[in-house]
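What follows is the residue order along each chain.
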There are 2 protein chains.
Amino acid sequence: MNQTIENYLKGIYTLSKQSPSGVATTALAEKMETKASSVTDMLKKLDEKGLVRHAPYKGAVLTQKGKKIAIEVVRKHRLWEVFLVEKLRFGWDEVHTIAEQLEHIDSAELIVRLDEFLGFPRYDPHGDPIPDVNGHISDNRKAFSLSEAAVGTKVIIAGVKESSDNFLRYLESVALTLNTTMKIADRFAFDNSVRLKVKNREIIVSSTVAENLLVKKGK
Amino acid sequence: MNQTIENYLKGIYTLSKQSPSGVATTALAEKMETKASSVTDMLKKLDEKGLVRHAPYKGAVLTQKGKKIAIEVVRKHRLWEVFLVEKLRFGWDEVHTIAEQLEHIDSAELIVRLDEFLGFPRYDPHGDPIPDVNGHISDNRKAFSLSEAAVGTKVIIAGVKESSDNFLRYLESVALTLNTTMKIADRFAFDNSVRLKVKNREIIVSSTVAENLLVKKGK
DNA sequence: ATCATAATTTAGACGTGTCTAAATTATATT
DNA sequence: AATATAATTTAGACACGTCTAAATTATGAT
Ligand SMILES: [Mn+2]
Ligand SMILES: [Mn+2]
Ligand SMILES: [Mn+2]
Ligand SMILES: [Mn+2]
């Protein structure tokens, strides 16, 4: 299994959450930073290999075999991200491109040992759940978007919807990092921005930020 | 810089210790597990890129630029080997193929932090010196072959000349691992096999083993 | 239902790294 | 010095992953 194929499978897997009936060629092309015609070529190959079912003009769906590989890649990606942040002290905005490479290292035993070395983490540095060795994903966070949190409640940052480096760096700079507890002080009707109380300080975040920040109920 | 090129440069670098005037196409082909014609093709490309000087029929020599890259790859390979053995508890015979992949991860900052995380190791699990960040290799082991050690002297295992998995597994199975202290009890003239005293036990190793085991003076 | 537009696929090409078979050059033997 | 043999390069091909331009199919607005 090579890198290109693994990256395509992961891309299809990610996009299929939004469009379970079939991932569009154009959407996948954008995700993979390539051209639609290249995607079509690759989908044909993946179909021949039994990793994807590709109905021309109808989009692509992972087979069980393809999904299994995709989830394994996600597991490896997230475990390496934990390693980079917890052991090598990288920031959560710095680990994506490195993990993007490390996820393709081909050694099952390596991942078994890495998992153990890290203490069997359940979530990655962005709050995303780490699939177990059988590919099962259990997300116990009960997370919802900050834009849906009721005014007056306390919440804890549980993850991000969007994990672009820009967004992560913004959050880092205003000290809104994973597991931060905060109180929803206000939501302003005119632009849906949200005022938060974090420890001793207050901060107002835009509706876009609120939309993309995942929280869970706090005490 | 891609994997194939890095592997070729490393291969040329390793072989050039035996033949500094130029690495032969055939030798490189065997090392790279490919055909001589493929090697010729690649040497032409590397020459064009300024990484190698290739005089047709005369062999290949690394340029400064090529040597720099080769040594960086060696540095990364050996640091990852230390990680695998020291942190993930792999055996020294299990790490080569994994490090062969990890050495190509492209991130200078990653290696800086890995080096620090490992406590700036000077030698890898096979006793080979780890080049520093500037590509300088300092080998303070003063190691020599066990086959040259005088009878009656005490020596410490400092490394291996040949690091095939088979040889490493043999050494592991007879508990002749890095930093083991032993006394040269005898060398038998008829086949140059060597009797060693290690702690409370005795073991006889063949001349081939003695030839490929590096030792330094012990107390 | 027709037509314009957008999405997708196909056709033909290219760079990379590899191969086999044939040609060329170096080397060793006589 | 001529010749046999080994080493090396060249010629031509192929799989992979990509591209541009052209053709095809789907969609939705009228
Ligand atoms: Mn990747
Ligand atoms: Mn992540
Ligand atoms: Mn390698
Ligand atoms: Mn080593």
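Above this note sits the structure.
Residues numbered from 1 in each chain as written. Chains lettered and ligands numbered in written order. Predicted model: local features only at pLDDT ≥ 70, side-chain atom pairs only at ≥ 80, totals over all residues. Heavy atoms only, no water.

**Q** In this structure, what is going on with unusual backbone geometry? I would like to understand it.
**A** The general pattern is negative phi for most residues beyond glycine and trans for most peptide bonds. Residue and element names in this part refer to chain B. One non-glycine residue with positive phi stands out, namely Phe-120, at about 55°. The residue Phe-120 is located in the loop between helix H6 (108–117) and strand S3 (144–145) in this model. Even without a glycine there, the phi angle at Lys-142 is positive, about 50°. (Helix = DSSP H or I, 4+ residues; strand = E, 2+ residues; numbered from the N terminus.)

**Q** What is the right way to read the protein's contact with DNA strand C from this model?
**A** Near DNA strand C there are 21 residues, and of these Thr-26 and His-54 of chain A together with Asn-2, Thr-34 and Ser-38 of chain B occur at the shortest range. The sugar-phosphate portion of DNA strand C accounts for 70% of its atoms within 4 Å of the protein, the bases making up the rest. Within the contact set of DNA strand C, a phosphate oxygen lies 3.2 Å away from a side-chain nitrogen or oxygen of Tyr-8 of chain B. Within the side chain of Ser-37 of chain B, one N or O atom sits 3.0 Å away from a base oxygen of DNA strand C. Elements with a contribution of two residues or more to the surface near DNA strand C: helix H2 (25–31) and helix H3 (36–48) of chain A together with helix H1 (3–15) and helix H3 (36–48) of chain B. Of all the elements, H3 of chain B adds the most residues to the surface near DNA strand C, at five residues. Taken together, the residues of the surface near DNA strand C break down into seven nonpolar, 10 polar and four charged. (Near = heavy atom within 4 Å. Polar contact = N/O pair within 3.5 Å; in protein donor to acceptor, adjacent residues only side chain to side chain. Nonpolar A, V, L, I, M, F, W, Y, C, P; charged D, E, K, R; others polar.)

**Q** Can you walk me through the pairing of strand S8 (residues 213–217) of chain B in this structure?
**A** In summary, the side chains of a regular strand alternate between the two faces of the sheet. All names here are of chain B. Here two bridges tie S3 to S8, and the two strands are oriented antiparallel to one another. Pairing of Phe-144 across the sheet is with Val-215, part of S8. Bridging between strand S4 (residues 154–160) and S8 involves five bridges; their strand directions are antiparallel. Its bridge partner being in S8, Gly-159 is matched across the sheet by Leu-214. (Pairing = 2+ DSSP bridges.)

**Q** Even after reading the chapter, I still don't get the interface of chain B and chain A, so can you show me in this structure?
**A** Bring the parts together and some accessible area is lost; that lost area is often taken as the interface size. Taken together, the contact between chain B and chain A spans 21 residues of the former and 21 residues of the latter. Summing the contributions of chain B and of chain A, the shared interface buries around 1,700 Å²; its carbon and sulfur component is 73%. Three residues, Leu-88, Gln-101 and Arg-113 of chain B, lead the burial of chain B against chain A; their summed loss comes to 31% of the area buried on that side. Linking chain B with chain A are zero salt bridges, by the criterion used here. Applying the counting rule to chain B against chain A returns six residue pairs in polar contact (both at pLDDT 80 or more). Elements supplying a minimum of two residues to the side of chain B that touches chain A: helix H4 (64–87), helix H5 (96–102) and H6 of chain B. The element contributing the most residues to the side of chain B that touches chain A is H6 of chain B, with five residues. The class makeup of the residues in the side of chain B that touches chain A is 11 nonpolar, four polar and six charged. (Contact = heavy atoms within 4.5 Å. Buried area = accessible area lost by both parts, 1.4 Å probe. Salt bridge = Lys/Arg side-chain N within 4 Å of Asp/Glu carboxyl O.)

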